[in-house]
Amino acid sequence: MKLLRIFRKDEWRWVGIELVSPLHLRVTTTALNDTVMTWAHGLTARAPLAAKAVDAFYSTGVLVAVASMLLCLALLAIAGVQIAMGVFARVGGFGPAWGLLQWPLFSDSWREHMFGATVDTAASMPLPANSSNLHRRLLADGGDAQWLRPVIPGITMPLGHLWYYLLSLIICAIIHELGHALAAARARIRLRSFGLFVIGVYPGAFVDLSRDKLEQAPVTQQLRIVCAGVWHNAVTALLAWLLVHSGGLGWAFSHSGWTRVDSGVVVVDVAQTSPLYGRIPLLSTVYRLDDIELHQPVNNASYTPDWF
């Protein structure tokens, strides 16, 4: 059901608001079509070397996207095996399945070498004597030993962080779709429209390209267009990592009123079911928990008393 359609200057530039379903709202516009073409060709029209550099940039994106796909498939497979072994250990014992967890791929030393991660002592559970800490954590509680953890507001992510999470999603979605649009514009495939949508509370973005011209483009250009979204997100992640680890982000926060906490942890939320609810003020700094000095956020899956 189209709720609103506003024309600007001529019928080829418009903004439309459409209620696709009761929980699906979509906003579409053609006002950015010329802008995308200008971005894609304006800086490289008179500089052949710049044009080649941009094309090489998106060609690199194809390689990165393919490698990322293979890596994601491998991580999903490993995570699936971890979950299956954990469930099997709980309901059916170990048997032959235990041998699978003895592979070097699941060992503590390999995981620490690859990811710099350490695993605490497992909770009590009847496991073989030669089991490693990772195997114990994997089968005993299925917590931080898992390589992939779903983002579930209120369970694996504080509800107070939901708005930051949604904001990051929409920013990443816009950057992702902008990659498709710019790569298509480099191949002389015009953008038909650009839009944002909300399904429930989940935000996203999309671009509408000419399907006929896309199918007529050479395979190499099609790959650049398809992989450009993932490539833009990968570059964004790299820039964000550099911004954080170079100290630039901390410098920006320190000059905008934020205070850096070098020791202890700051209380930003207290669950209503906690005995400390109403007793410990928000923004308090906790420096010690029992005999443990706190220098980083407390991980509920490692060591947290019942009363915390």
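Reading the values: the criteria
Residues numbered from 1 in each chain as written. Predicted model: local features only at pLDDT ≥ 70, side-chain atom pairs only at ≥ 80, totals over all residues. Heavy atoms only, no water. pLDDT = per-residue confidence, 0-100. Helix = DSSP H or I, 4+ residues; strand = E, 2+ residues; numbered from the N terminus. Contact = heavy atoms within 4.5 Å. Phe/Tyr/Trp six-rings, centres within 6.5 Å; stacked < 30°, edge-to-face > 60°. Buried < 20%, exposed > 50% of the residue type's maximum accessible area, 1.4 Å probe, protein only. Patch = residues over 30% accessible without salt bridge, like charges linked within 9 Å, V, L, I, M, F, W, Y side chains within 5 Å. Areas by Shrake-Rupley, 256 points an atom, 1.4 Å probe, with all protein chains shown as cover. Salt bridge = Lys/Arg side-chain N within 4 Å of Asp/Glu carboxyl O. Pairing = 2+ DSSP bridges. Axes fitted to C-alpha atoms, helices over the stretch in contact; angles between N-to-C directions. Parallel < 35°, antiparallel > 145°, perpendicular 65-115°, else oblique. Left-handed = near helix turned anticlockwise from the far one by under 90°. Arc of directions from axis to C-beta.

Enquirer: Would you mind going over the confidence of the model for the chain in detail, with residue names and values included?
Expert: For the chain, per-residue confidence averages 77 on the pLDDT scale, and 71% of positions sit at 70 or higher. Element-level pLDDT for the chain is lowest in helix α5 (residues 133-140), with a mean of 44, against a maximum mean of 95 in helix α8 (residues 219-245). Considering only residues more than four positions removed or in separate chains, one finds that residues 94-99, a stretch of pLDDT under 50, has 13 contacts. Note that pLDDT drops below 50 for residues 297-308; the model gives that stretch 23 contacts with residues more than four away or on any other chain.

Enquirer: An account of the packing of aromatic side chains is needed here, citing residue identities and associated values.
Expert: Between two aromatic rings, the relevant description is the distance of the centres plus the angle of the planes. Applying the stated criterion across every chain, the model contains two aromatic pairs. Ring geometry for Phe57 against Tyr58: centres 5.1 Å apart, planes inclined by 80 degrees, an arrangement best described as edge-to-face. Judged by centre distance (5.3 Å) and plane angle (50 degrees), the ring pair of Phe57 and Trp231 falls under tilted. Here Phe57 is found in helix α2 (residues 48-92), whereas its partner Trp231 is found in helix α8, with 174 residues between them in sequence. Residue class for Phe57 comes out partly exposed when judged on its relative accessible area of 32%.

Enquirer: Give me unusual backbone geometry: which residues, what numbers.
Expert: The phi torsion at Arg188 lies on the positive side, around 65 degrees, for a residue other than glycine. Secondary-structure assignment places Arg188 in the loop between α6 (162-186) and β4 (191-199).

Enquirer: Requested: an account of a nonpolar patch on the surface, with residues and values cited.
Expert: Where nonpolar side chains cluster on the molecular surface, the patch consists of Val66, Met69, Leu70, Leu73, Leu76 and Leu148 and spans about 550 Å² of accessible area. Topologically, Val66 is positioned in helix α2. Using a relative accessible area of 39% as the deciding quantity, one classes Val66 as partly exposed.

Enquirer: Describe the pairing of β4, naming the residues involved and giving the relevant values.
Expert: Along a regular strand, successive side chains alternate from one face of the sheet to the other. Where strand β3 (residues 24-29) meets β4, six bridges bridge the pair, whose relative direction is antiparallel. Bridge pairing links Thr28 to Gly195 in β4. Where β4 meets strand β5 (residues 202-209), eight bridges bridge the pair, whose relative direction is antiparallel. Residue pairing in the sheet places Leu196 in a bridge with Ala205 of β5. Linking β4 back to β5 in an antiparallel pair, the connection comprises two residues, with Gly200 at a positive phi of about 70 degrees.

Enquirer: Explain the pattern of salt bridges to me, and be specific about the residues and the numbers.
Expert: In total, this model carries four salt bridges according to the counting rule given. Glu18 serves as the salt-bridge partner of Arg26, at 3.0 Å between the closest nitrogen and oxygen. Residue class for Arg26 comes out partly exposed when judged on its relative accessible area of 26%. Its relative accessible area of 22% is what places Glu18 among the partly exposed residues. Its salt-bridge partner being Asp34, residue Arg190 comes within 3.0 Å of it at the nearest N-O pair. Placement of Arg190 in the loop between α6 and β4 and of Asp34 in helix α1 (residues 33-41) is noted, with a sequence separation of 156 residues between them. Given a relative accessible area of 35%, Asp34 falls into the partly exposed group.

Enquirer: Summarise the environment of Val230; cite the residues concerned and give the values.
Expert: By the element assignment, Val230 lies in helix α8. Sequence spacing of Val230 and His176 is 54 residues, and the spatial spacing of their C-alpha atoms is 6.4 Å. For Val230, the residues in contact, after removing those within four places along its chain, are Ala65 and His176.

Enquirer: Can you tell me about the packing of α1 against α6, naming the residues and giving the values?
Expert: Viewed as axis vectors pointing N to C, α1 and α6 meet at an angle of 65 degrees, and their least axial separation amounts to 9 Å. Our classification of the angle between α1 and α6 gives roughly perpendicular. The two elements α1 and α6 cross, and the hand of that crossing is right-handed. Of the residues in α6, those in contact with Val36, Met37, Trp39, Ala40 and His41 of α1 are Leu178, Ala181, Leu182, Ala185 and Arg186.

Enquirer: Describe α1, naming the residues involved and giving the relevant values.
Expert: For α1, the full list of buried residues reads Asn33, Val36, Met37, Ala40 and His41. One side of α1 holds all its buried residues, which, seen down the axis, span an arc of 110 degrees. The exposed residues of α1 that point more than 90 degrees off its buried face are Thr38 and Trp39. Each element contacted by the buried residues of α1 is listed here: β3, α6 and β4.

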